[in-house]
Amino acid sequence: MTKPIGIFDSGLGGLTVARAIAGAVPAENLVYLGDTARVPYGTRSAKTVVRYAIACAERLLSFDIKLLVVACNTASGVALGELQDRLDIPVIGVIQPGARAGVKATRTGRIGILATAGTVASGAYERAIQAENQAMNVFARSAPLFVPLAEEGWVTGEVPRLAARRYLQPLVEVDVDTIVLGCTHYPLLSETIHEVAAELLGHDVTIVDSAEATAAALTSMLDLPATPDQTAGALEILVTDLPGQFGAAASRFLGKAVGALDIQVIDL
Ligand code: DGL
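Residues numbered from 1 in each chain as written. Predicted model: local features only at pLDDT ≥ 70, side-chain atom pairs only at ≥ 80, totals over all residues. Heavy atoms only, no water.

Q: It is not clear to me how the overall build of the protein should be interpreted in this structure. Could you clarify?
A: When helices and strands are counted, the protein shows 11 helices and 10 strands. Here the protein has a C-alpha radius of gyration of 18 Å; the compact-globule value for 268 residues is 18 Å, and the two agree. When burial is assessed residue by residue, the protein has 53% of its 268 residues classed as buried. Contacts spanning at least 24 positions in sequence make up 78% of the contacts within the protein whose residues lie at least 6 apart. Looking at the protein as shown, the accessible area adds up to about 11800 Å², and 51% of this sits on carbon and sulfur atoms. Across the protein, 20 positive and 28 negative side-chain charges occur, with their mean positions spaced 4 Å apart. (Helix = DSSP H or I, 4+ residues; strand = E, 2+ residues; numbered from the N terminus. Rg over C-alpha atoms; globule rule 2.2 N^0.38 Å. Buried < 20%, exposed > 50% of the residue type's maximum accessible area, 1.4 Å probe, protein only. Contact = heavy atoms within 4.5 Å. Areas by Shrake-Rupley, 256 points an atom, 1.4 Å probe, with all protein chains shown as cover. Lys, Arg positive; Asp, Glu negative; His and termini not counted. Charge placed at Lys NZ, Arg CZ, Asp CG, Glu CD.)

What follows is the structure, encoded as structure tokens:
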């Protein structure tokens, strides 16, 4: 039996990362922990997010995971180094893969980042992009209303378009050609963000999904067996609270139906 990959996030949004990973390495077993009792992380101090991230990681270690993916951008921004120091297994975050994909995609060297306030304050995307290529210009902006809009499933139409116009304006003023979605929730709004950005900029823009970039980075780290284990490919979902509407929201992020019976509630 192959050891599972552990994935954690502040809540349900990280299921976008689990979905991308399941698509990239379908024969791997995944254990996903969503800290739904303490979401959001994006508005909290770095110190608090580091504490929460350590608790999530330690719980996942009890599942004998072989590798940990920090699916939450905010936790990746402030806690990745601490987790890598503490754990004996490889730990990857979503920021470095997203940053690298952004650098690869840009033609003008002007990259916009949309993320939570905590991720923007951490400066982690700027550091990761500059580490790839010092000549890049990076403009990071927070887009907090995208989180509840994605949770509500309100991802197209007038309201998300209005929010997108407001959040994209500063990136339009500096004429970015690439926008990295630096938050677990934003891939659900990708179409709206893409459309509104292209309208405001007057030219097309490349949208980079850090969830997809992370799944691709993870694939290159794994020793994939020549003959995959046909019995593997399970996704176990753990949460620290089971709010109403959980199933509907989880299904939206995962892209397939999730019932209450598929989920285990734990205490940290
Ligand atoms: N998971 C968070 C992130 O990717 C978004 C939601 C939150 O603020 O906790 O930054």
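Q: Please explain the nonpolar core as it appears in this structure.
A: Side chains of a nonpolar character, in soluble globular proteins, are inclined to be buried together. With 71 residues, the main nonpolar core has Phe-146, Leu-168 and Ile-179 as its most contacted residues. Here the element with the most residues in this core is helix α8 (residues 158–173); it accounts for 6 residues. Non-local contacts of Ile-179, meaning those with residues more than four positions away in its chain, are made with Gly-112, Leu-114, Leu-168, Leu-171, Ala-197, Val-205, Thr-206, Ile-207 and Val-208. With 24 residues, the next largest nonpolar core counts Leu-68, Ala-75, Ala-79 and Leu-87 among its residues. (Core = buried A, V, L, I, M, F, W, Y, C linked by side-chain atoms within 4.5 Å.)

Q: I would appreciate a short explanation of the sheet that holds strand β6 (residues 137–142) in the present structure.
A: Taken in spatial order, the 4 strands line up as β6-β5-β7-β8 in an open sheet, and their pairing is parallel. Two strands bound the open sheet, and with one partner strand each, they are β6 and β8 (206–209). Between one strand axis and the next, the sheet turns by 25 degrees as a mean value, whatever way the strands run. As defined by bridge partners, strand β5 (residues 110–115) adjoins β6 across 6 bridges and the pair is classed as parallel. (Pairing = 2+ DSSP bridges. Axes fitted to C-alpha atoms, helices over the stretch in contact; angles between N-to-C directions.)

Q: I tried to follow the pattern of salt bridges on my own but got confused; where do I start?
A: Where charged atoms from two side chains of opposite charge come close, those side chains can pair. Overall, the coordinates contain 9 salt bridges when judged by the stated rule. Of the charged contacts, one joins Glu-58 and Arg-86 as a salt bridge, the two residues approaching to 3.7 Å between their closest N and O atoms. Highlighted residues: Glu-58 in helix α2 (residues 46–61) and Arg-86 in helix α3 (residues 73–86), separated in sequence by 28 residues. Using a relative accessible area of 45% as the deciding quantity, one classes Arg-86 as partly exposed. One salt bridge connects Arg-161 with Glu-199, and the closest N-O pair in it is separated by 2.7 Å. One end of the pair, Arg-161, is in helix α8; the other, Glu-199, is in helix α9 (residues 190–201), with 38 residues separating them in the sequence. Residue Arg-161 is classed as buried on the basis of its relative accessible area, which comes to 17%. Looking at Glu-199, the relative accessible area reads 49%, which means it is partly exposed. What you see here is one network of salt bridges that share partners, running through Glu-58, Glu-82 and Arg-86. (Salt bridge = Lys/Arg side-chain N within 4 Å of Asp/Glu carboxyl O.)

Q: What should I look at first to understand the packing of helix α4 (residues 95–105) against helix α6 (residues 124–132) in this one?
A: How two helices pack is summed up by the angle between their axes together with the distance between the axes. The N-to-C vectors of α4 and α6 enclose an angle of 55 degrees; their axes lie 9 Å apart at closest approach. When the interaxial angle is binned, α4 and α6 end up oblique. Crossing angle aside, the handedness with which α4 passes α6 is right-handed. Along the contact surface, α4 presents Ile-95, Gln-96, Gly-98, Ala-99, Arg-100 and Val-103, while α6 presents Ala-124, Tyr-125, Ala-128, Ile-129 and Glu-132. Here the residues of the contact of α4 with α6 sort into 7 nonpolar, 2 polar and 2 charged. (Parallel < 35°, antiparallel > 145°, perpendicular 65-115°, else oblique. Left-handed = near helix turned anticlockwise from the far one by under 90°. Nonpolar A, V, L, I, M, F, W, Y, C, P; charged D, E, K, R; others polar.)

Q: Looking at this structure, I do not really get the sheet that holds strand β2 (residues 30–34). What am I missing?
A: If you walk across this open sheet you meet the 6 strands as β4-β3-β1-β2-β9-β10, and the pairing is parallel. Every other strand in the sheet has two partners, leaving β4 (91–93) and β10 (263–265) as the edge strands with one partner each. Sheet twist, expressed as the average angle between the axes of neighbouring strands with direction ignored, equals 20 degrees. Of the pairings in the sheet, the one linking strand β3 (residues 67–70) to β4 comprises 3 bridges and is parallel in character. Paired with Val-69 across the bridge in β4 is Ile-92. Sheet contacts for helix α1 (residues 15–24): β1 (5–9), β2, β3 and β9 (235–239); angle to β2, the most-contacted strand, approximately 170 degrees. The sheet strands contacting α2 are β1, β2 and β3, and the helix crosses β1 at an angle near 155 degrees.

Q: Explain the pairing of β3 here, please?
A: On any regular strand, side chains alternate: one points to one face of the sheet, the next to the other face. Residues Leu-67 and Val-69 line one face of β3 and the alternating positions Leu-68 and Val-70 line the opposite face, and both faces are buried. With α3 bridging β3 and the parallel β4, this β-α-β connection has right-handed handedness. (Right-handed = clockwise from strand over helix to strand, strands pointing away.)

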